[in-house]
Amino acid sequence: MKEKFTLLNSTAVPLPIENIDTDQIIPARFLKATTREGFGDNLFRDWRYEGEQTPKADFVLNDARFCGRILLAGKNFGCGSSREHAAWAIYDYGFRVVVSSFFADIFKNNALNNGLLPVVVSEAFLQAALRAVTENPATILTVDLEKQVIQFGLQQEQFEINTYKKTCLLNGYDDIDYLLSLKEKIRKFDTAHASR
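Quick notes on the rules
- Residues numbered from 1 in each chain as written.
- Predicted model: local features only at pLDDT ≥ 70, side-chain atom pairs only at ≥ 80, totals over all residues.
- Heavy atoms only, no water.
- Pairing = 2+ DSSP bridges.
- Helix = DSSP H or I, 4+ residues; strand = E, 2+ residues; numbered from the N terminus.
- Axes fitted to C-alpha atoms, helices over the stretch in contact; angles between N-to-C directions.
- Right-handed = clockwise from strand over helix to strand, strands pointing away.
- Phe/Tyr/Trp six-rings, centres within 6.5 Å; stacked < 30°, edge-to-face > 60°.
- Buried < 20%, exposed > 50% of the residue type's maximum accessible area, 1.4 Å probe, protein only.
- Lys NZ or Arg CZ within 6 Å of the ring centre and 35° of its normal.
- Polar contact = N/O pair within 3.5 Å; in protein donor to acceptor, adjacent residues only side chain to side chain.
- Contact = heavy atoms within 4.5 Å.
- Salt bridge = Lys/Arg side-chain N within 4 Å of Asp/Glu carboxyl O.

(A) Inspection of the sheet that holds strand β5 (residues 70-73) at higher detail. With respect to topology, four strands assemble into an open sheet ordered β2-β5-β6-β7, the strand pairing being parallel. The open sheet terminates on both sides in strands that have one partner only, identified here as β2 (12-15) and β7 (117-120). Sheet twist, expressed as the mean angle between neighbouring strand axes with direction ignored, is 20°. Sheet topology note: the β5/strand β6 (residues 97-100) ladder contains three bridges and is parallel. Bridge pairing in β6 links isoleucine 70 to valine 97.

So, in structure tokens, the structure goes:
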């Protein structure tokens, strides 16, 4: 079971770059581990560090003004190869939501399968959120999964999500947990139909 997701109120980190691919999210040289832990240390590694350990002052994750559990990203986030490690790295770093106007399908599915909520918004809403957060890093965004609404200040927008994936996120289920949650219903059905 994963952390349940219902309602999130958080500041956000603005990353207004389009076409961020999975190799930029987590470079291939860090894919050797087989567990999900520790990938957050290398999230956007080549953008965050000069050489091995010197943080780049101009990269947003190294800017103390910006923090929170929401990543505001440019259009076409998560394109490139299908590595699940990209979702692992974002989640392990501490983000629970990524907001963009478009996600690559494979990244979007990997995110949902790993407890990370990809929220697709209009380009206008995304740009307004990026401006608000950049101008005032204390801006709070609210993501209500039950109502499928994201908002900040007076701006609000509905977002779509697959019903099955929504159920899994609300309950902290992965695919196996979801099947196990149906165990009693399956048993009752089996019993009712055993003599037929």
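Here the narrative resumes.
(B) Local environment of the pairing of β7. One ladder, built from four bridges, connects β6 with β7; its direction is parallel. The residue of β7 that forms the bridge with valine 99 is valine 119. A crossover connection joins β6 to the parallel β7 through helix α4 (residues 105-113); in handedness this β-α-β unit is right-handed.

(C) The packing of aromatic side chains, seen in detail. Using the criterion set out here, one finds nine aromatic pairs in the structure. A centroid spacing of 5.4 Å and a plane angle of 70° characterise the contact between phenylalanine 125 and phenylalanine 152, whose relative ring orientation is edge-to-face. One end of the pair, phenylalanine 125, is in helix α5 (residues 123-135); the other, phenylalanine 152, is in strand β9 (residues 149-152), with 27 residues separating them in the sequence. For the residue pair phenylalanine 125 and phenylalanine 152, the accessibility class agrees, reading buried in each case. Here the aromatic cluster, defined as three or more aromatic residues joined through ring pairs, consists of Phe44, Trp47 and Phe59. When the ring centre of tyrosine 49 is taken as origin, the NZ or CZ atom of arginine 45, which lies over that ring, is 4.3 Å away. Seen from the ring of tyrosine 91, arginine 96 lies directly overhead, with NZ or CZ sitting 3.6 Å from the centre.

(D) Structural detail: the side chain of asparagine 114. Of note, asparagine 114 is situated in the loop between α4 and β7. When its relative accessible area of 5% is taken as the criterion, asparagine 114 is described as buried. Of note is the side chain of asparagine 114, whose polar atom sits 3.1 Å from the side chain of tryptophan 88. Setting aside residues up to four positions removed in sequence, asparagine 114 forms contacts with Lys2, Arg36, Glu84, Ala87, Trp88 and Tyr91.

(E) Representation of the pairing of strand β10 (residues 155-158). One ladder, built from four bridges, connects β9 with β10; its direction is antiparallel. The residue of β10 that forms the bridge with valine 149 is glutamine 158. The turn linking β9 back onto β10 is made up of two residues, and glycine 153 within it adopts a positive phi angle of 50°.

(F) Spotlight on the pattern of salt bridges. Enumeration over the complete set of coordinates arrives at five salt bridges. Between glutamate 3 and arginine 69 there is a salt bridge, with its nearest N and O atoms 3.5 Å apart. Here the residue glutamate 3 occupies a position in the segment before β1 (7-10), and arginine 69 occupies one in the loop between β4 (54-55) and β5, the gap between them amounting to 66 residues. Judged by relative accessible area, which is 30%, arginine 69 ranks as partly exposed. Arginine 96 is the salt-bridge partner of glutamate 3, the closest N and O atoms lying 3.1 Å from each other. Of this pair, glutamate 3 sits in the segment before β1 while arginine 96 sits in the loop between α3 (85-93) and β6, placing them 93 residues apart in sequence. Judged by its relative accessible area of 39%, glutamate 3 falls in the partly exposed class. Each member of the salt-bridge network shares a partner with another, and the members are Glu3, Arg69 and Arg96.

(G) Expanded view of helix α6 (residues 163-171). Buried within α6 we find Lys165, Lys166, Cys168, Leu169 and Leu170. Of the surrounding elements, those touching the buried residues of α6 are α4, β7 and α7 (175-181). You can read the cap of α6 off the contacts: a side-chain oxygen lies 2.8 Å from the backbone nitrogen of tyrosine 164, and it is on asparagine 162. Where α6 ends, the next residue or the one after it, glycine 172, has phi of about 75°, a positive value.

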